[in-house]
Amino acid sequence: MTAEELTRRRFLTRAAAGALVAGTAAALLPARPAWAAPAKVGEAAPGFTVNATNGSPVSLVSYKGKVVVLEWTNHECPYVRKHYESGNMQGLQREATGQGVVWLTLISSSEGTQGYVTPPQADELTASRKAAPTAVLLDSKGVAGKLYGATNTPHMYVVDKAGMLVYAGAIDDRPTSRRADVPGANNYVRAALDAVAAGQPVKTPITRAYGCTVKYS
């Protein structure tokens with residue numbers, strides 16, 4: 001064997017060993033968490049179970065056959081306050097639930113961060129703001145929030161009766177914290193609910209959510 005052939009064989013042997021080590025390392029890596037690939041519009045809405053303020057677990061799957069709105073919130077966020085202090089969010093909640101829609105408000109702020117609340121505090125906020133969700137869910141571990149890729153407050157999602165995610169994004173097209181901008185805004189959530197009720201596809205199924213970042217742990 002010539003010196004050139006010997007060198008070539010050594011190189012190939014080292015390359016094969018390197019590939020084996022790399023493959024072994026990859027096999028030992030932990031699986032990607034469920035929230036690494038968040039929910040996608042046009043696909044089945046991921047199921048979750050989160051406790052409501054009364055301590056009872058609420059599962060999304062239990063509402064199959066109903067239209068569901070998911071609202072991520074943080075009562076201290078000025079963008080959220082815009083919609084509650086103007087009455088816009090409460091009005092939309094009542095309008096939707098009055099038509100049989102299930103409205104779930106989720107709080108994913110981790111303990112010690114902006115927007116975190118205890119169950120009694122959450123109930124007090126619902127009462128004082130005259131909010132009208134079906135239930136308020138306390139997701140302080142961020143499980144549901146990360147599953148859906150919720151990044152901002154408010155961040156809104158609409159799930160149709162078949163359990164498909166048909167809308168994800170902002171509540172409207174005015175990404176400001178000014179209450180004066182509410183009346184002239186195009187409300188994407190209302191439009192999505194109207195389309196679903198009419199059996200039509202949602203015209204604008206994905207938008208960019210605006211507001212404060214969700215305060216995950």
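Since the structure is predicted, the reported quantities are computational estimates derived from the model, not experimental observations. Starting afresh in each chain, residues are numbered from 1 along the sequence in its written order. A pLDDT threshold of at least 70 governs which residues receive local features in this predicted model, and a stricter bar of 80 or more applies before side-chain atom pairs are shown or counted, although totals over entire chains, interfaces and linings include all residues. The basis for the side-chain values is all heavy atoms of the structure; hydrogens and waters are excluded.

A. Examining the side chain of Asn74 more closely. Put simply, DSSP marks the helices as runs of H or I at least four residues long and the strands as runs of E at least two long, and each gets a number from the N terminus on. Of note, Asn74 is situated in the loop between strand E3 (68-72) and helix H2 (78-85). Residue Asn74 is classed as buried on the basis of its relative accessible area of 2%. Distance and chemistry together define a polar contact, namely a pair of N or O atoms within 3.5 Å, with one atom able to donate a hydrogen and the other to accept it when in protein, and with adjacent residues in sequence counting only for side-chain atoms on both sides. Only 3.0 Å separates the side chain of Asn74 from the backbone nitrogen of Glu76, close enough to count as a polar contact. Separated by 2.9 Å, the side chains of Asn74 and Gln114 make a polar contact. When neighbours within four sequence positions are excluded, Asn74 is seen to be in contact with Val80, Ser109, Gln114, Gly115, Thr153 and Lys215. Accessibility here uses a 1.4 Å probe with only protein chains present; expressed as a share of the type maximum, an area under 20% marks a residue as buried, one over 50% as exposed, and anything in between as partly exposed. Residues count as neighbours in contact if any of their non-hydrogen atoms are within 4.5 Å of one another.

B. Highlighting the pairing of strand E7 (residues 155-159). In terms of burial, E7 is largely enclosed, as five of its five residues are buried. Burial along E7 is two-sided: His155, Tyr157 and Val159 and Met156 and Val158, pointing in opposite directions, are all buried. By the convention used here, strands pair only if DSSP detects at least 2 bridges between them. Here five bridges tie E3 to E7, and the two strands are oriented antiparallel to one another. The residue of E7 that forms the bridge with Val69 is Val158. By the bridge criterion, four bridges tie E7 to strand E8 (residues 165-169) in an arrangement that is antiparallel. Directly across from Met156, in E8, lies its bridge partner Gly169. Between E7 and E8, which pair antiparallel in sequence order, lie five residues; one of them, Gly163, sits at a positive phi of approximately 85°.

C. Examining the state of the cysteines more closely. Only a pair of cysteine sulfur atoms within 2.5 Å counts as a disulfide in this structure description. This model, assessed by the stated rule, comprises one disulfide. Between the sulfur of Cys77 and that of Cys212 lies a disulfide, 2.2 Å long from S to S. Residues Cys77 and Cys212 share a disulfide whose torsion about the S-S bond is about 90°; that sign makes it right-handed. Taken together, the residues span a long stretch of sequence, with Cys77 in the loop between E3 and H2 and Cys212 in strand E9 (residues 212-213) at a distance of 135 residues. For the pair Cys77 and Cys212, one class covers both residues: buried.

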